[in-house]
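Below, each chain spelled out in residue letters.
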Amino acid sequence: MSGFPILSLMLAVPLAAALACLFLEAKAARTVALLATLADLALGVVLWANFDIGGPQWQFTERLEIFSGFSWALGIDGIALLLIMLSVFLMPICIGASRSIEKRVGEYMAAFLAVETLMLGVFMAQDIFLFYMFFEAGLIPMYLIIGIWGGADRIYASYKFFLYTLLGSVLMLVAMLWMVNTAGTNDIPTLMAYDFPPSAQNWLWLAFFASFAVKMPMWPVHTWLPAAHVQAPTAGSVILAGVLLKMGGYGFIRFSLPMFPEASVYFAPLVWGLSMAAVVITSLIALVQSDMKKLIAYSSVAHMAIVTIGLFAFNVQGLEGSMLVMLSHGLVSGALFLCVGVIYDRLHTREIDRYGGLAINMPRYALFFLLFTMASIGLPGTSGFVGEFLSLGGIYQVSTWAALICTTGIILGAAYMLYLYRRVVFGEQKNADAAAMPDLDGRELAMVVPLALAALWMGIYPESFIAPMRADIAALDARLARAKPQGDSAPTPGKVKPAHTDDSAHGGSH
Amino acid sequence: MDWSHSLRLIAPEETLSIAGLILLLIAAWGGDKASRLISILAVAALVGASFLVAPALCQGAMGPDYAAFFGQVHADAFSSFAKILIYLSAASALVVAPAFLNRLGAMRPEFPVLIVFAALGSGMMVSAGDLLALYIGLEMNSLAAYVLASFARTDDRSAEAGLKYFVLGALASGILLFGMSLTYGFTGTTAFSGIDASLAGGLSTGALFGIVFILAGLAFKISAVPFHMWTPDVYEGAPTPVTKFFATSGKVAAIGLTMRVMLGAFGDQVDAWRQIIVFVALASIVVGALGAIGQKNIKRLMAYSSINNVGFILIGLAAANVQGASAMLFYLVLYIAMTVAGFAAMLMLKDENGNQVEEIAKFSGLSRTRPGLALALAIVMFSLAGIPPLFGFWGKFLVFKAAVDADMMALAFLGFAASVIGAFYYLKIVKVIYFDEPADAVKGENDIWHKAILVVTCVFISPLGYLASGWLQGLTDTAATALFQAL
């Protein structure tokens, strides 16, 4: 495959389809969009199959100097590969979930395909300004998706989404300009190895943090997320939770940690504090929601806090764990939003109280919903467990307190998810219209079954997902080694008693 | 320095002067019937003049060989770059004007003639190498512009715009002249190179006052805060093609002139005026953005948007180096393209009787009734807001890069943060067009010229524009270098 610009092709396919969809009527646009996303998925599979695990860090690299000021430089490592796979995997499902969209289908599909192009571009870009363009450009289609096809309060949500994220990003751009000026290169791999002076690192770190914390989103700048999620159409929520939130985590792992190791350690207590607050506060907020989408949106914030806590554990365990949480959350929260979408399409309400006893009339639905609920809680055997366990194990080595408080997130997560599940699926059938809803049809099964299989695969054999990124995580860990904080829970080696100690000393030690 | 060399250097100005005079004669004998012919000839003259100036840019003309009349006029790559922008945007204003003015019964032969003379004055402004040449160019441009602002004689708003523009413009010219006289008094010369040389030994208080007054006069011309108040009224009242002309070629001329004066005559006194520029830039960004939020009329909104954009351009001036000047020119090109596209789209917004629809609320749901036009407007708005991947982002990027590279982090930080405020009102237009229910107020038909201009400029500001970025960067670098070589 060497030399073949597969990454550019993966960007070109959805882009071309997006332009085509603008001119097509509804039915044709749906077909074109589905075919384009499936083609991209196929390309993604080819990409994964050809990815040389243990090979060079950056693979499939392309570089074209066709612009002034930045270049068309693409390339992926294992971390990017996994996030790209997540994106191309979720996209066909999103297109399938958009059946209920009836107005302006062509434009809708075009917007979604544009989002796919830009998301993939973010994970592929090797030029820091190219990265910024992809990162920022995603705002336009998402703004339109929320604003045109969203719910009642969509205008407010779309503004909030746009302006919040824009403010974060422009501060990052100033930092990027300074870095490029100082280091003399736009090349991300080179910048990752460049040692910025520690005094400047703090400022740069904060500027990047402003952007990634909003994208992530971290408490207390998460407030755009519930608004955007609740108002976005189902597929919009899936892509928002599934992939767009991962851009924040990807940003931390690609920029903040390797480029500013000292500053990352310096600000680690801040990140821990915000993450701990997020886990507890948003979980409690999720517990009292009466709107299903809002509940899942708040649970996303809590899960993302587990990601940040793992990232800022500065060890292999934590870093791998947070990558897995991101992948798992992409699948599971996407699936949960689909589950909400399925019953929303039937009853047009997200009020939890309007449902109840769905296990009776929708047994297959209840089964899948249960699986994803369990995966969200982090039951062993599902994808959620592996990542959360590793992340929390990683942070335990650095900060016992952070580990203790973040672990309550698992308990609270179980509480709000099981409570949601009980109210929706078990109990009496309170409303006749909810009781009359038909079970999953073929199209819906085709959407949830792959997600369920992927979630189980990740839970049972996570090695498939850890293997591609192992070398990259190790490299990142080595990069962070010089600044690594001293853990408060580091076990001190006990005194090994010689075998022939006398009895009195032996007895005293008991 | 012989006369024939000088006369050869100013060939574009001669062409335009003679063309303008001939057209005036045709107008005198032909009357209103000839206005179409005169328009066509004027466009031809402007396009021809831009071909005449192009070689200087392509060859990278700079230095004393290209100074005509003992340094009065510089026909170098910088002025060539600015003149091409001026002439072409003047020509595009002429192309879209007849459809608009015919309806008002105001399509008179003087219109193209005045545009030609205004463009001629603008061209002299950007090539001035002496305070006197500067003032002649400025007044030539301004006098034509005052008349143009009130060209729709039957419309009260147009008359008001002309009067306001004239009174305030005269005031600004007075301030500028006062500054020039102080500068002359304290340096003993009106030539930019002479001023620069005599200030090299140190800046006296009197000369500093000269700089401040000149800057105030220039700030009026580029409509920078705090001398921006006239802009919304004039933009709203003037006939739309004229507004387009002011917002494009008038803007290039004023900015080019400001660069000539500040980076040329006062180029070594950067420390004296940088803080003023920094303040003016940030104030323009913020006031322009905040002022635009409450606007209901699209032309007033574009006026505030132009104030806002001037702020961004001035950030490049605060950097006060070749890179900053180059970034300003790049930004100008993009700004012109976005403004031409925006006004072309605006002129296409007509109700069933052919009247212009200027109220933003009436655009609601335009994406449903006129998808192509709505897309073009959305591209313009996102591009003006500086959201990548649209090309407008790159202009902002370059000026801020210049500021960061010149170690002005705080300015870049504040400027960028303020640009988010600006994004809000651009988003509002997109919201009205895309999110709201159709009002179906826009119905009129449009001619091929509007569409052609709109398509060409929209393609340029779309991501495809980046393919031209290398070429354009080369040209702006040449022009900016020439500016610094012009002393």
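Calculation criteria
- Residues numbered from 1 in each chain as written.
- Chains lettered and ligands numbered in written order.
- Predicted model: local features only at pLDDT ≥ 70, side-chain atom pairs only at ≥ 80, totals over all residues.
- Heavy atoms only, no water.
- UniProt positions renumbered as here; feature names shortened; annotations may be inferred.
- Salt bridge = Lys/Arg side-chain N within 4 Å of Asp/Glu carboxyl O.
- Helix = DSSP H or I, 4+ residues; strand = E, 2+ residues; numbered from the N terminus.
- Buried < 20%, exposed > 50% of the residue type's maximum accessible area, 1.4 Å probe, protein only.
- Contact = heavy atoms within 4.5 Å.
- Buried area = accessible area lost by both parts, 1.4 Å probe.
- Nonpolar A, V, L, I, M, F, W, Y, C, P; charged D, E, K, R; others polar.
- pLDDT = per-residue confidence, 0-100.

Per an unreviewed UniProt entry, chain B is named NADH-quinone oxidoreductase subunit N, and its organism is Novosphingobium panipatense. Comment text from UniProt for chain B, heading Catalytic activity (unreviewed entry), reads "a quinone + NADH + 5 H(+)(in) = a quinol + NAD(+) + 4 H(+)(out)". Quoted verbatim from the Sequence similarities (unreviewed entry) field of UniProt, the annotation for chain B is "Belongs to the complex I subunit 2 family."

Draft legend 1. Summary view of the pattern of salt bridges. Residues and elements named next belong to chain A. Tallied over the entire structure, the rule returns 28 salt bridges over all chains. One salt bridge connects R479 with D195, and the closest N-O pair in it is separated by 3.1 Å. Here R479, found in helix α22 (residues 463–480), pairs with D195, found in the loop between α8 (188–192) and α9 (198–215); they are 284 residues apart in sequence, far enough to count as distant. Residue classification places R479 among the buried residues on the basis of a relative accessible area of 17%. A relative accessible area of 46% means that D195 is categorised as partly exposed. A salt bridge links K484 to D477, with the shortest nitrogen-to-oxygen separation between them at 3.1 Å.

Draft legend 2. Just the interface of chain A and chain B, in detail. If you look at the interface, chain A gives 33 residues, while chain B gives 35 residues. Both sides of the chain A and chain B interface together cover about 3200 Å² of buried area, and 80% of this is carbon and sulfur. Counting across the interface, chain A meets chain B through zero salt bridges. Breaking the side of chain A that touches chain B down by element, the ones donating at least two residues are α5 (128–137), α6 (139–149) and α7 (154–183) of chain A. With 16 residues, α7 of chain A is the largest single contributor of residues to the side of chain A that touches chain B. Considered class by class, the residues forming the side of chain A that touches chain B number 24 nonpolar, five polar and four charged.

Draft legend 3. A look at the confidence of the model for chain B. Chain-level statistics for chain B give a pLDDT mean of 89 and a share of 100% at 70 or above. Predicted complex metrics record ipTM = 0.87 and pTM = 0.89.

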